[in-house]
Amino acid sequence: MTRDEMFRLVSERLDTYQGQVIEWQRELVSRVALGPEVGGVGEDDKAAFLTDLLQSWGLTVDNYPAPDDRVPGGARPNLVAYLPGKKPDKVWVLSHMDVVPPGDMSLWQSDPFTLRVDGDRLYGRGTEDDHHGIVMSLLAVKAFMDLNITPERTLALALVADEETGNEKGLVHVLREQARLFSPQDLIIVPDAGSNDGTMIEVAEKSILWLKVTLLGQQGHASRPHKAKNTLRAAAHVIVALDDLQREFPRHNPLFRPPMSTFEPTRKEANVPNINTIPGKGVFYLDCRVLPDYDLAQVIEHVRAMATAAADKFGVTLEVETVQALPSAPPTAPDAPVVKALQQAIRQVYGREATPQGIGGGTVAAFFRQAGLPAAVWMTANDCAHQPNEFCFLSHILGDAKVLAHVCLLAE
Ligand SMILES: [Zn+2]
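The rules behind the values
Residues numbered from 1 in each chain as written. Predicted model: local features only at pLDDT ≥ 70, side-chain atom pairs only at ≥ 80, totals over all residues. Heavy atoms only, no water. Core = buried A, V, L, I, M, F, W, Y, C linked by side-chain atoms within 4.5 Å. Buried < 20%, exposed > 50% of the residue type's maximum accessible area, 1.4 Å probe, protein only. Helix = DSSP H or I, 4+ residues; strand = E, 2+ residues; numbered from the N terminus. Contact = heavy atoms within 4.5 Å. Pairing = 2+ DSSP bridges. Axes fitted to C-alpha atoms, helices over the stretch in contact; angles between N-to-C directions. Disulfide = S-S within 2.5 Å. Expected span 1.5 Å × (residues − 1).

Draft legend 1. Quick look at the nonpolar core. Membership of the largest hydrophobic core comes to 94 residues, with the highest contact counts inside it found for Leu139, Leu215 and Leu342. If one sorts the elements of this core by residue count, helix H11 (residues 394-410) sits on top with 11 residues. Other than its neighbours up to four places away in sequence, Leu215 contacts Thr231, Ala234, Ala235, Val238, Gly280, Lys281, Gly282, Phe284, Ala311, Val316, Thr317 and Leu318. With 27 residues, the next largest nonpolar core counts Tyr64, Trp92, Leu94 and Leu171 among its residues.

Laid out in C-alpha cells, this is it:
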C-alpha cells in the first residue's frame, strides 16, 4: 500500500469517529482542571482519564510530574505517550490539560463543565482550549491503531499541565528535566491557537509581560475623604495614564496580529467589602504583549514612571512587581520542515494555502523555541478560548486529526 493510500484509509476512518469526539470531549470537560493559582486542584483527574485511555490501547504512558505542594496530589502531571512509527523521527503534538475558570457564570447559557452538543458545535470550558488538541491527537493514534497502519514517523503525544498559569509546572519542567525527549529534527506541533479556516501557522510570538501594581493610600470613612487617600480613584487615573504606553512603544510589525504591542489592565483584586469605606490599598494587573523589538526592562521602567506620576497627584504611593516576564523566543523559520509539512497537509485536507504568521497571545511553543526546537502552533480554531460559551466544531477536530495523520505519514 502506498502512503497516499494509507492516508486515504486513515482519513475515511477518522470520518467515522464523530461519536468518539463527543464522548472524549464530554469526559474531558467534566474533569475540571484548574490550577492552584485560581483555586483549583490541578490536572490529576483529567490525567488519570487520559492515562487509562492510552493504556487501554496498549500504549506506555510516561509521567514527568512537577512537584507542587499547592495541589492535593503534591505534583502536576505531564504525560508522554508514543505510537511508534517506521522511523524514530517524531511528530510531537503538545496539548495542555488545564483550563481557565468560567468567569462570569451568568454569561454562560449552560453549565461550563457539562458538555453541550448543538449540531457541529461542542460547548464547554476547555472544548477548544485545549481539548481540541488533545482529542485530535487521540483520534490520529486511534485511527492508525484501528487500521493497524504504522505511520512513517513516530507520533508522540505530550499532555502537559499548567499552560494557563505560566508553564513552570508543565512544559518548562519537562524541558528542564527531560530535554533529551525532543530533537531539533522532530516536527513539533502545538495545537493551541489558530484561525477558523486553518490557514494560520503561528511561528513567532510577542514577548509577554505581566505586572502587578499595588497602590497604598490611607483608608478612611467615605464621609470624610479629606482624611483618606483613595486608592480606587488613584488606580483609575493610573490606568488611564497607562493608555499612553501605546504612544511610548509605537512600532508596528505586519507579521503579527494585531501588528502593535498591547498593554491591557486586566485583573483587579477586591478592596473593601462595604460601600462607606474609602479603600487604602488597591491592586491591579497589567497584561502586556510586546513586539520583539522592545526590551521588557524598558517597558517596566516606563510603566513605573507613568504610574507613579499619576498616583502622586492623590498622595498615593505605588509599587510595580513583575509576575511574569517572558522575552519572545527566536521565531521558527517560515520555511522550517514542520511548517512545510503542515502546509502540505492542510492543502490536501482543506484545499487551502496556510501561511506562517506571528501572534500576540503567547503560547507554550515559545519554550520550545527558546530551547532551539522549531515548533509551529496550529489548529483550526474559532478564537473563543477563555470566553463564556466556549465551543469548538466537531468537524474541525476531525479535519485537524486528518492533517496530523498526513504529517505522520507523508512528511519528508
Ligand atoms: Zn491553550
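Draft legend 2. Just the sheet that holds strand E14 (residues 262-268), in detail. Spatially, 4 strands are ordered E14-E16-E11-E17 in an open sheet, and the strand pairing comes out antiparallel. On the outer flanks of this sheet lie E14 and strand E17 (317-326), each paired with one strand and no other. Within the sheet, the average angular offset between the axes of one strand and its neighbour, ignoring direction, is 25°. Across 10 bridges, strand E11 (residues 207-216) lies against strand E16 (residues 281-290) in antiparallel orientation. When the bridges of E16 are listed, Lys212 appears paired with Tyr285.

Draft legend 3. Inspection of the side chain of Thr51 at higher detail. Along the polypeptide, Thr51 turns up in helix H3 (residues 44-56). Accessibility expressed as a relative area gives 17% for Thr51, which makes it buried.

Draft legend 4. Structural detail: the state of the cysteines. By the definition in use, this model includes 0 disulfides. Distance from the sulfur of Cys392, which forms no disulfide, to the nearest cysteine sulfur (Cys384) is 7.9 Å. The class of Cys392 is buried, set by a relative accessible area of 1%.

Draft legend 5. Looking closely at H3. Helix length check: H3, at 13 residues, gives a terminal C-alpha distance of 18 Å against a target of 18 Å (1.5 Å per residue), a fit within 8%. If you check which residues of H3 are buried, you get Lys46, Ala47, Phe49, Leu50, Thr51, Leu53 and Leu54. Close packing links the buried residues of H3 with helix H2 (18-30), strand E1 (61-63), strand E4 (79-83), helix H4 (131-146) and strand E8 (153-160). At the C-terminal side of H3, Gly58 shows a positive phi close to 90°.

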